[in-house]
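Residue-level listing of the chains:
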Amino acid sequence: MAASEGFRNAGFICGLQSEARCLAAAGMHQRIGISGARTARAAEVARELLAAGAGSLVSIGLAGGLDPRLGPGSVVVAERVLAWHRPLPSGKRRSLRQSLAGSVLRPSDMEEESAPDGSAAAQAGGEFTADAELRSQLLGLLGGKVLSGAVVGVDQAVREPNEKLGLLEQTAALVCDMESHAVAEAAHEVGVPFAALRIVSDPSNRYIPVSALAGVTAAGGVSVGAVIGAVALRPWEVIDLLSLALDARIAFAALRRVARLGAPLFGAAG
């Protein structure tokens, strides 16, 4: 497949070096910015890529699952990106029966579900529609198992399952991340198209321990020493860390697969 004109000069924004390595393994080495999982830095990186000549922007990487039907490795192409700048909401606990209701999820299900009236998202910070052509090209290339719906961007890590449920109730978004809303806003400012492609890492019921976040550096790397030091102070988080690592392993495998499939469309970011 020839490189798409829309993606030929695209700039890619990841939160972590490990996400960028997945792109590099697929032959994508140029115009990739890393935010260090910091929203403000994601905005800076997006604008730097635009200043360097990027004609479109793509937020790509792992995400937190909000919909309980999405497991690790689920692939989401954003239909729209919501910006949530307020404190994280707390959702009401659901029974096991409620959580499992409609547990068989198909891509078409998401097109049929109705979203909230948008007032909560608007009050929180804004809503940006992903470029329809870029979205269509991604969906066509990646296949039928990819889901399309809302992605909500947040300014802090969503660690607690009840916070994920709160975001789901307020926005009906499938996933959350810390880059997509900054990327969408930067693209909107100058009138260039954007897309967001996110892979679920931690599902909606997964707790993210403090020690996991302690290891993320400003450059988007992971300091093993910092993680070990944090675990020494919070040894009860070991089980959660192991569960998170297993989820991430599945998610990174999916991201590598998506990058390989998308490389021809992206023109290897060249």
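Whatever comes next refers back to the structure up there.
Criteria and thresholds
- Residues numbered from 1 in each chain as written.
- Predicted model: local features only at pLDDT ≥ 70, side-chain atom pairs only at ≥ 80, totals over all residues.
- Heavy atoms only, no water.
- Axes fitted to C-alpha atoms, helices over the stretch in contact; angles between N-to-C directions.
- Helix = DSSP H or I, 4+ residues; strand = E, 2+ residues; numbered from the N terminus.
- Left-handed = near helix turned anticlockwise from the far one by under 90°.
- Contact = heavy atoms within 4.5 Å.
- Nonpolar A, V, L, I, M, F, W, Y, C, P; charged D, E, K, R; others polar.
- Patch = residues over 30% accessible without salt bridge, like charges linked within 9 Å, V, L, I, M, F, W, Y side chains within 5 Å.
- Areas by Shrake-Rupley, 256 points an atom, 1.4 Å probe, with all protein chains shown as cover.
- Salt bridge = Lys/Arg side-chain N within 4 Å of Asp/Glu carboxyl O.
- Lys, Arg positive; Asp, Glu negative; His and termini not counted.
- Charge placed at Lys NZ, Arg CZ, Asp CG, Glu CD.
- Buried < 20%, exposed > 50% of the residue type's maximum accessible area, 1.4 Å probe, protein only.
- Expected span 1.5 Å × (residues − 1).
- Arc of directions from axis to C-beta.
- Phe/Tyr/Trp six-rings, centres within 6.5 Å; stacked < 30°, edge-to-face > 60°.

Colleague: Please clarify how the packing of helix α2 (residues 17-25) against helix α12 (residues 238-266) should be interpreted in this entry.
Modeller: Helix-helix packing is characterised by the crossing angle of the two axes and by the distance between the axes. Closest axis-to-axis distance for the α2/α12 pair is 8 Å, and the angle between their directions is 35°. Where α2 crosses over α12, the handedness of that crossing is right-handed. Residue-level inspection shows S18, E19, C22 and L23 of α2 in contact with α12, the latter providing F252, L255, R256 and A259. A class-by-class count of the residues in the contact of α2 with α12 yields five nonpolar, one polar and two charged.

Colleague: What am I meant to see in a positive patch on the surface here?
Modeller: Residues K145, R249, R256, R257 and R260 make up a contiguous surface patch of positive charge. You can see R256 is positioned in helix α12. Since its relative accessible area comes to 36%, R256 is described here as partly exposed.

Colleague: I would appreciate a short explanation of helix α3 (residues 39-51) in the present structure.
Modeller: An α-helical segment advances 3.6 residues per turn. Residues three or four places apart therefore align on the same side. For α3, with 13 residues, the first-to-last C-alpha span of 19 Å sits near the 18 Å given by 1.5 Å per residue. Residues of α3 that are buried include every one of T39, A42, A43, V45, A46, L49 and L50, and no others. Viewed end-on, α3 has its buried residues packed into an arc of 165°, placing them on one side of the element. In this structure, α3 carries A40 and A51 as exposed residues pointing more than 90 degrees from its buried face. Among the structural elements, β1 (10-14), β2 (32-34), β3 (56-65), β6 (147-154) and α9 (180-190) are those in contact with the buried residues of α3. G53 sits one or two positions beyond α3 and adopts a positive phi of about 110°.

Colleague: Just checking my understanding: could you explain the packing of aromatic side chains for this structure?
Modeller: Remark: the centre distance and the inter-plane angle together describe each pair of aromatic rings, the angle taken between the planes. What the rule picks out here adds up to one aromatic pair. Measuring from centroid to centroid gives 5.0 Å for F12 and F266, while their planes differ by 65°, and the two rings are edge-to-face. You can see F12 sitting in strand β1 and its partner F266 sitting in helix α12, a full 254 residues away along the chain. On the basis of relative accessibility, which here comes to 0%, the residue F266 falls in the buried class.

Colleague: For this particular structure, what's the right way to read the environment of L244?
Modeller: For L244, the location among the structural elements is in helix α12. We classify L244 as buried; its relative accessible area is 14%. Expressed as a C-alpha distance, the spacing of L244 and D202, which sit 42 residues apart in the sequence, is 6.5 Å.

Honestly, it's all geometry; don't read function into it.
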